[in-house]
Amino acid sequence: MTQPYLFCFGLGYSARALARRLLAEGCRVAGTCRSEAQQAALAGEGFAVELFGRDRPLSPASFAQASHILVSVPPDAAGDPVLDCHAADIAALRELRWLGYLSTTGVYGDRGGGWVDETSELRPSGERGRRRVNAEAGWRALWRGHGVPVHVFRLAGIYGPGRSALDALAAGTAKRIRKEGQLFSRIHIKDLAAALAASIARPRPGAVYNVCDDLPAPPEEVVAFAAELLGRAPPPLVPFAAAELSEMAKSFYADNRRVSNRLIKEELGVTLAHPDYRSGLKAIRGG
């Protein structure tokens, strides 16, 4: 068998976690980014990276040898840039064994704190969620119509080294905001990479998976625990109605749900290294 080749449309935080894991296993990895500054930084990490955007499509030769493709580029107002630029090119790949599309649990919308799983109706409450629903449908249509081995991953809030409540506290940007009954689901970057790798090992084209940990939790609780790990007082608790938040930040509080991760455990055999935020933050802290 030829050397596996992962091509990542969007070599961001999530994609790099999978890329590093597969590189260590002998896989060839390449991908895209949006700016020359990002390109230089990624080259410094040893990645072969090309610039990509809706107005800057790739030559199909860039990923013609890919055995695996990961898509983490978000949709824009016009649709999914990767689909719009390269759907036909991807459909023509005869050696492609797996394609993963990184979506979001935001496609479920607000459930008043209730549970959702992969069979739940999609009811996005904002424009970003609606774009994701449309993008998912486009990728799954590529599977149905052309046999492309598409897998959709609905990700909860991603955290890890360099991107956690610990980092926000260190930077002085952490806020502890209380909205009664509000819960968020999360996933540690290590467990996200493990779930993607497990799917690559057990492909099921057309599959949809929620990727989250076991403990949906109030956001202010997470910040307080992070402060405890750092041995400092937590930021003051601010009621949501009085919090000074950007419109994007406010939009996250519009949805309240618990997300089931049963399928990645039962079908893919994933055992979470960090089943809750306490374990994940302790690992980042080094304790």
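As the structure is a computational prediction, the values presented were derived from the model and not from experiment.

J.: Talk me through the packing of aromatic side chains; I want residue IDs and the actual numbers.
T.: Counted according to the given criterion, the structure contains ten aromatic pairs. Relative to Y209, the ring of F153 lies with its centre 5.7 Å away and its plane at 25°, an arrangement referred to as stacked. Within this pair, whereas F153 is found in strand β7 (residues 150-155), its partner Y209 is found in strand β11 (residues 208-211), the two being separated by 56 residues in sequence. Taking the relative accessible area as the measure of exposure, F153 reaches 0% and is therefore buried. Three or more aromatic residues joined by ring pairs make a cluster, and in this case those are F7, F9, F52 and F63. Between R28 and the ring centre of Y5, over which it is positioned, the NZ or CZ distance is 4.0 Å.

J.: A description of the sheet that holds β7 should follow, citing residues and the corresponding values.
T.: In spatial order, the strands read β3-β2-β1-β4-β5-β7-β11; together these seven strands make up an open sheet with parallel pairing. Edge positions in the open sheet fall to β3 (48-51) and β11, since each of these has one partner strand only. Adjacent strand axes in the sheet meet at a mean angle of 20° when their direction is disregarded. Sheet analysis places strand β2 (residues 28-33) next to β3, joined by four bridges and oriented parallel. Bridge pairing links T32 to E50 in β3. Contacting β4 (68-71), β5 (98-104), β7 and β11, helix α4 (residues 127-146) runs over the sheet at an angle of about 165° to β5.

J.: Explain the nonpolar core residue by residue, including any values.
T.: Counting 38 residues, the largest nonpolar core has L6, L11, L18, L70 and F153 as the members making the most contacts within it. In terms of residue count, the dominant contributor to this core is helix α6 (residues 189-201) (eight residues). With residues near it in sequence (within four places) discarded, L11 still touches R16, A19, A30, G31, T32, L42, F47 and V49. Counting residues in hydrophobic clusters, the runner-up holds 27 residues, among them F52, F63, A66 and A135.

J.: Outline the side chain of S62, listing residues and values.
T.: Structurally, the position occupied by S62 is in the loop between β3 and β4. On the basis of relative accessible area, S62 is assigned to the buried category, the value being 14%.

J.: Break down the packing of helix α1 (residues 13-24) against α6 for me, citing the residues and quoting the values.
T.: Axis separation between α1 and α6 bottoms out at 9 Å; the angle between their running directions is 60°. With respect to each other, α1 and α6 are oriented oblique. As for the relative orientation of α1 and α6, their crossing is right-handed in sense. Touching Y13, S14, A17, L18, R21 and L22 of α1 are I189, L192, A193, A194, L196, A197 and I200, all from α6. Residues that form the contact of α1 with α6 fall into these classes: eleven nonpolar, one polar and one charged.

J.: So what about helix α7 (residues 219-230)? Which residues, and what values?
T.: Given a rise of 1.5 Å per residue, twelve residues ought to cover 16 Å, and the 17 Å separating the end C-alpha atoms of α7 matches this to within 8%. Among the residues of α7, those classed as buried are P219, E220, V222, V223, F225, A226 and A227. Looking at the buried positions of α7, the neighbouring elements they touch are α5 (165-171), β9 (176-178), β10 (186-188), β12 (237-239) and α10 (277-285). Residue G231 follows α7 closely and has a positive phi angle near 70°.

J.: An account of the packing of helix α3 (residues 81-91) against α4 is needed here, citing residue identities and associated values.
T.: Running from N to C, α3 and α4 point in directions that differ by 15°, and their axes come no closer than 11 Å. In terms of their interaxial angle, α3 and α4 are classed as roughly parallel. Pair α3 / α4 crosses with right-handed handedness. On α4, the residues that touch V82, L83, A87, I90 and A91 of α3 are A135, G138, W139, L142 and H146. Here the residues of the contact of α3 with α4 are counted per class, giving eight nonpolar, two polar and no charged.

J.: Provide a residue-level description of the pattern of salt bridges, including the pertinent values.
T.: Tallied over the full model, the rule gives 17 salt bridges. Residue R130 pairs with E127 through a salt bridge whose shortest N-O separation is 3.6 Å. In this pair, R130 and E127 are both assigned in helix α4, three residues apart and thus about one turn of the helix distant. Among the ionic contacts, a cluster of salt bridges with common partners joins R16, R20 and E45.

J.: Can you break down the pairing of β5 residue by residue, with the values?
T.: On any regular strand, side chains alternate: one points to one face of the sheet, the next to the other face. Within β5, six of the seven residues are buried, leaving the element largely enclosed by the surrounding structure. Pairing of β4 with β5, which is carried by four bridges, proceeds in the parallel orientation. Directly across from H68, in β5, lies its bridge partner W98. Crossover β4 to β5 through α3 is right-handed. Examined bridge by bridge, β5 and β7 share six bridges and lie parallel to one another.

Conventions and cut-offs
Each chain has its residues counted from 1, following the order in which its sequence is written. pLDDT decides what is reported in this predicted model: residues at 70 or higher carry local features, side-chain atom pairs at 80 or more are listed and counted, and totals for whole chains, interfaces and linings draw on all residues regardless. Side-chain measures here rest on the full set of heavy atoms in the structure, leaving out hydrogens and waters. In this scheme Phe, Tyr and Trp rings, the latter by its six-membered ring, pair at centre separations within 6.5 Å, and the angle between planes marks the pair as stacked below 30 degrees, edge-to-face above 60, and tilted otherwise. Numbering of helices and strands runs from the N terminus; a helix is a DSSP stretch of H or I covering at least four residues, while a strand is a stretch of E covering at least two. To sort residues, take the accessible area from a 1.4 Å probe on protein chains only and compare it with the maximum for the residue type: under 20% means buried, over 50% means exposed, and anything in between is partly exposed. Look at NZ for Lys and CZ for Arg. If either is within 6 Å of the ring centre and within 35 degrees of the ring normal, a charge sits over the ring. DSSP bridges decide pairing: two strands pair if at least two such bridges lie between them. To get an axis, a line is fitted to the C-alpha atoms, and for a helix only the part in contact is used. The angle between two axes follows their N-to-C directions and goes from 0 to 180 degrees. When checking whether two residues touch, look at their non-hydrogen atoms; a contact exists if any pair is within 4.5 Å. Definition of nonpolar core: a set of buried residues of the types Ala, Val, Leu, Ile, Met, Phe, Trp, Tyr and Cys, connected through side-chain atoms within 4.5 Å. Each angle gets one of four labels, with under 35 degrees taken as roughly parallel, over 145 as roughly antiparallel, 65 to 115 as roughly perpendicular, and the rest as oblique. Crossing handedness follows the turn of the near helix against the far one: under a right angle anticlockwise gives a left-handed crossing, and clockwise gives a right-handed one. Residue polarity is assigned by list, with Asp, Glu, Lys and Arg as charged and Ala, Val, Leu, Ile, Met, Phe, Trp, Tyr, Cys and Pro as nonpolar; anything else, Gly included, falls into the polar class. In this scheme, a helix's expected span is set at 1.5 Å multiplied by one less than its residue total. Salt bridges are defined by distance alone: a side-chain nitrogen of Lys or Arg within 4 Å of a carboxyl oxygen of Asp or Glu. When the strands point away from the viewer, a crossover counts as right-handed if the path from the first strand over the helix to the second runs clockwise.

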